[in-house]
There are 2 protein chains.
Amino acid sequence: MLVVKKFGGSSVGDPERIKRVARRVVEEHQKGNQVVVAVSAMGDTTDDLISLMKQVTNNPPEREMDMLLSTGEQISIALLAMAIRDLGSDVVSLTGGQVGIYTDDVHTKAKILRIETGRVREELNQGRVVVVAGFQGVNPDGDITTLGRGGSDTTAVALAAALRADVCEIFTDVDGVYTTDPRVVPEARKLSHISYDEMLELASLGAQVLHPRSVELAKQYGIPLHVRTSFNHMEGTIVEEAPDMENAPVVSGVAHDYNVAKIGLFDVPDKPGVAKTIFKALSKQSINVDMIIQSAMRNNMNDIGFTTTIDDLRKALQIIEAIQDEVGFKGYTHDEDVAKVSIVGAGMISHPGVAADMFEALADEGINLEMITTSEIKVSCVIKRADTEKAVKALHKKFVTEWQ
Amino acid sequence: MLVVKKFGGSSVGDPERIKRVARRVVEEHQKGNQVVVAVSAMGDTTDDLISLMKQVTNNPPEREMDMLLSTGEQISIALLAMAIRDLGSDVVSLTGGQVGIYTDDVHTKAKILRIETGRVREELNQGRVVVVAGFQGVNPDGDITTLGRGGSDTTAVALAAALRADVCEIFTDVDGVYTTDPRVVPEARKLSHISYDEMLELASLGAQVLHPRSVELAKQYGIPLHVRTSFNHMEGTIVEEAPDMENAPVVSGVAHDYNVAKIGLFDVPDKPGVAKTIFKALSKQSINVDMIIQSAMRNNMNDIGFTTTIDDLRKALQIIEAIQDEVGFKGYTHDEDVAKVSIVGAGMISHPGVAADMFEALADEGINLEMITTSEIKVSCVIKRADTEKAVKALHKKFVTEWQ
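Residues numbered from 1 in each chain as written. Chains lettered and ligands numbered in written order. Predicted model: local features only at pLDDT ≥ 70, side-chain atom pairs only at ≥ 80, totals over all residues. Heavy atoms only, no water.

*Asks:* How should I be thinking about the overall build of chain A in this particular structure?
*Replies:* Along its length, chain A carries 12 helices and 22 strands. Against the compact-globule benchmark of 22 Å for 404 residues, chain A has a radius of gyration of 22 Å, which places it among compact chains. In terms of overall dimensions, chain A has C-alpha extents of about 70 × 50 × 35 Å along its principal axes. Carbon and sulfur atoms provide 47% of the accessible area of chain A, an area that totals close to 17100 Å². (Helix = DSSP H or I, 4+ residues; strand = E, 2+ residues; numbered from the N terminus. Rg over C-alpha atoms; globule rule 2.2 N^0.38 Å. Areas by Shrake-Rupley, 256 points an atom, 1.4 Å probe, with all protein chains shown as cover.)

*Asks:* It is not clear to me how the environment of A:Val39 should be interpreted in this structure. Could you clarify?
*Replies:* Residue and element names in this part refer to chain A. Its location among the elements puts Val-39 in strand β2 (residues 34-39). Val-39 sits 193 residues away from Asn-232 along the chain, and the two C-alpha atoms are 18 Å apart. Other than its neighbours up to four places away in sequence, Val-39 contacts Phe-7, Val-12, Glu-73, Ser-76, Ile-77, Leu-80, Val-131, Val-132, Ala-133, Gly-134 and Ser-152. (Contact = heavy atoms within 4.5 Å.)

*Asks:* Teacher, can you tell me more about the interface of chain B and chain A here?
*Replies:* In many analyses, interface size is given as the accessible surface area lost on bringing the parts together. Counting residues at the interface gives 40 residues for chain B, matched by 40 residues for chain A. A buried area of about 3200 Å², summed over both sides, lies between chain B and chain A, and 65% of it is on carbon and sulfur atoms. When the area that chain B buries against chain A is broken down by residue, the three leading residues are B:Val56, B:Gln74 and B:Met82, summing to 21%. Taken together, the links from chain B to chain A amount to 2 salt bridges. A salt bridge links A:Arg119 to B:Asp143; the nearest nitrogen and oxygen atoms lie 3.0 Å apart. The interface formed by chain B and chain A includes 18 residue pairs in polar contact (both at pLDDT 80 or more). (Buried area = accessible area lost by both parts, 1.4 Å probe. Salt bridge = Lys/Arg side-chain N within 4 Å of Asp/Glu carboxyl O. Polar contact = N/O pair within 3.5 Å; in protein donor to acceptor, adjacent residues only side chain to side chain.)

*Asks:* Got a minute to help me understand helix α3 (residues 62-86) of chain A in this structure?
*Replies:* Every α-helical turn comprises 3.6 residues, leaving residues that sit three or four positions apart pointing alike. All names here are of chain A. In this model α3 runs 37 Å from its N-terminal to its C-terminal C-alpha over 25 residues, within 8% of the 36 Å that 1.5 Å per residue would give. Burial analysis of α3 places 22 of its 25 residues in the buried class, the great majority of the element. Phi turns positive, to about 105°, at Gly-88, one or two residues after α3. (Expected span 1.5 Å × (residues − 1). Buried < 20%, exposed > 50% of the residue type's maximum accessible area, 1.4 Å probe, protein only.)

*Asks:* When you look at the UniProt feature "binding site: ATP" (unreviewed entry) in chain A in this model, what are you seeing that I'm missing?
*Replies:* Residues and elements named next belong to chain A. In the numbering adopted here, UniProt assigns the feature "binding site: ATP" (unreviewed entry) to Lys-6, Phe-7, Gly-8, Gly-9, Thr-172, Asp-173, Tyr-178 and Arg-183. An extended arrangement is adopted by the annotated residues: their sequence extent is 178 residues, and the largest C-alpha distance between any two is 24.1 Å. Tracing the chain through its elements places Lys-6 in strand β1 (residues 2-7). Of the residues examined, Lys-6 reaches a relative accessible area of 9% and is grouped as buried. Within the structure, Lys-6 has its side chain in polar contact with the side chain of Asp-153 (distance 2.8 Å). (UniProt positions renumbered as here; feature names shortened; annotations may be inferred.)

*Asks:* Help me out: how do you make sense of the pattern of salt bridges in this one?
*Replies:* Once their charged atoms are close, side chains differing in charge can pair, the charge on each being opposite to the other. All names here are of chain A. On inspection of all chains with the given rule, the structure shows 49 salt bridges over all chains. One salt bridge connects Lys-330 with Asp-267, and the closest N-O pair in it is separated by 3.3 Å. Here Lys-330, found in the loop between α10 (310-327) and β19 (331-335), pairs with Asp-267, found in strand β16 (residues 261-269); they are 63 residues apart in sequence, far enough to count as distant. Assessed through its relative accessible area of 62%, Lys-330 is described here as exposed.

*Asks:* Can you help me understand the sheet that holds strand β15 (residues 253-257) of chain A in this one?
*Replies:* Through backbone hydrogen bonds, the strands of a sheet pair up, either in parallel or in antiparallel fashion. All names here are of chain A. Spatially, the 4 strands line up as an open sheet ordered β15-β20-β22-β21, and their pairing is antiparallel. At either end of the open sheet lies a strand with only one pairing partner, and these are β15 and β21 (371-375). The mean angle between the axes of side-by-side strands here comes to 15°, regardless of whether they run parallel or antiparallel. Note: β15 against strand β20 (residues 338-344), 5 bridges, orientation antiparallel. Its bridge partner being in β20, Gly-253 is matched across the sheet by Val-344. Contacts from helix α11 (residues 354-364) reach β20, β21 and β22 (378-384), with the element oriented near 20° to β22. Running at roughly 10° to β20, helix α12 (residues 388-401) makes contact with β15, β20 and β22 of the sheet. (Pairing = 2+ DSSP bridges. Axes fitted to C-alpha atoms, helices over the stretch in contact; angles between N-to-C directions.)

*Asks:* So what exactly am I meant to see when it comes to the relation of the copies chain B and chain A here?
*Replies:* The transform that puts chain B on chain A rotates by 180° and translates by 0.0 Å along the axis, for an RMSD of 0.1 Å. Such a combination of turn and shift is consistent with a two-fold rotation axis. The C-alpha atom lying nearest the rotation axis in chain B is that of B:Thr71; the distance is 2.7 Å. Both copies present the same face, since 100% of the interface residues in chain B are matched by interface residues at the equivalent positions in chain A. (Least-squares fit on C-alpha atoms with pLDDT ≥ 70 in both.)

Here you go:
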């Protein structure tokens with residue numbers, strides 16, 4: 001069996017934890033399985049590097065940021081390989097470039113174009129554990145790139161896909177995927193199985209266990225993901241194609257996300273190509289736009305609202321400002337004091353009226369809805385940040401606790 | 001003009017120092033010169049990484065050590081490139097592998113096989129400052145190697161040779177090459193010029209300003225070296241081919257080296273091939289042997305003594321033990337409580353009797369000589385460690401202060 005395991009920054013946060021991860025990897029290897037391990041930078045390394053950087057400049061070129069930050073994973077893989085060797089398994093560590101992870105050249109947010117698996121396969125065939133630096137690759141010029149948010153999960157799943165692994169295990173500090181955040185709602189339950197689509201909605205919505213990029217990849221290549229903790233051997237949550245959509249629970253989970261900022265453009269001329277100009281300009285700079293809402297036209301003018309992450313807000317506003325004359329809208333506002341709450345469930349497809357129930361549950365708590373979007377298996381609302389906990393509790397009570 | 005500048009770990013020890021180095025580099029670049037900068041890891045980075053490593057294992061595979069330690073220079077180049085960009089010069093940082101520094105695969109002590117200068121030339125032609133990670137390269141498999149002691153100097157000089165640079169400036173925390181260590185002898189004088197050969201003897205002998213590997217390379221390719229401080233703009237010492245050997249001072253400098261250990265083999269059978277077996281075994285494991293002395297034969301048995309560095313002592317003793325039966329010597333001893341003092345000068349060739357004067361000066365101080373070697377331009381003696389300062393003072397007084 002070929003297993004890809006991914007350990008995040010807190011799992012390799014210090015030498016003792018690295019040794020614990022090594023024991024876990026060697027256990028698997030000694031069962032006779034082929035093992036590829038993708039790791040993140042140790043706990044605080046990335047923050048330490050960023051703080052060092054800020055003492056040098058406030059305006060670092062992104063290429064050089066990648067050169068700097070990619071050292072974090074390189075340190076982890078070297079140390080983990082040493083710990084694995086110490087326990088008796090033959091092992092080799094590989095940087096993103098050495099693995100053959102080729103990306104585009106959008107520094108700090110690169111996308112994987114292809115993985116050349118020759119070196120990894122060769123090392124596996126020699127009986128070695130292969131320890132891979134997550135989060136990084138090289139562009140066509142051989143320059144180091146990083147994959148941005150969720151990069152290490154993406155490395156693990158992309159490798160699992162390229163190697164046709166039997167399973168990709170994602171080790172986190174929680175023991176699986178819950179019906180909602182247990183820190184907010186103590187009654188939250190761990191799910192033993194969840195479909196890619198539900199996980200995707202939950203991941204996109206800030207459940208923070210798995211990054212949506214990695215879930216998308218896993219779905220695309222049919223790689224089962226096993227989300228579990230590195231602190232014990234309990235089974236976690238398996239993410240895979242739903243075998244029986246009809247019997248899926250109506251609502252699998254309730255998610256919330258604080259990393260949301262709202263931007264509103266007002267008095268946008270109602271003519272063809274306006275939306276294209278705005279959102280092309282944003283996507284060209286790799287700004288992820290999430291919800292988009294266009295209000296009813298009046299006097300040939302629209303209002304357009306959309307959300308992005310708080311990290312991207314400043315850059316997004318610069319772009320908006322730069323295209324204001326070209327597009328011809330009168331002004332814009334932004335608001336970071338918001339959050340997004342969502343319900344997700346494959347069963348929603350066959351249960352109309354779930355959205356209305358959600359709005360009612362929120363209204364009962366006196367919570368105002370600022371934006372709404374729906375898909376076949378989720379409903380999301382942007383609300384005031386301060387209302388988030390109250391909203392999550394009410395939704396979990398209504399949909400998860402009561403219905404199931 | 002094409003200038004290669006090398007800055008050591010203390011020159012880039014913290015963000016402020018990195019910015020100072022950046023100013024110096026940008027000054028040169030704004031004069032219209034092409035500039036390549038080789039840098040070491042920041043001050044304590046390497047020590048920090050080693051201490052982290054020791055918490056994971058006491059027996060790290062050397063390949064993984066290189067993977068780990070090479071991150072130190074990668075952090076420096078990224079930060080220095082950011083600081084240079086901030087001052088307005090276009091710049092790119094490159095790891096050893098990206099530069100095209102190809103080495104053999106003796107991890108932690110690799111030798112440069114060739115440098116493919118295509119990428120560096122292309123960047124220089126685009127008007128960019130090129131910031132290069134010292135101390136590292138890649139082996140034919142693309143695995144990261146490090147060059148061992150003096151590695152960053154070697155990177156700088158090898159690049160200067162490959163690029164046919166006009167000069168290679170080595171920035172250190174001293175302002176040039178002195179007639180002896182000024183911390184030991186306050187009368188020590190800075191030399192404005194010194195020949196490669198003299199520098200080579202001084203470097204080999206522990207003057208610690210320049211590593212002998214880099215001086216050898218510079219001599220071989222005729223690259224003038226300028227040893228100077230990064231703390232001010234004073235001229236330092238130029239190392240180049242001696243233009244006029246006849247007028248060279250008899251003794252240019254007095255060097256001492258504490259990184260010396262003595263190993264003695266006794267009752268070695270006097271038969272052909274014995275020395276070969278011993279020293280081949282050592283060199284195969286990349287143990288540098290310095291002085292070798294074989295005593296007069298008695299009863300078909302020899303005593304063989306040699307010195308190595310303290311770092312290599314343990315490994316050397318293991319090798320000696322492993323070959324004892326094969327070679328058939330009766331026993332061996334070792335001594336770390338020694339040091340080496342030397343006088344160096346191109347003028348010694350035409351002044352016989354200098355060695356005798358040296359022995360006399362040491363005898364006058366009551367210093368016992370444990371080993372002696374001579375070359376055309378130097379005489380070295382191994383003495384008790386405790387006598388070192390006394391010896392250096394006496395030799396500097398006799399040869400440098402009195403004669404010149």
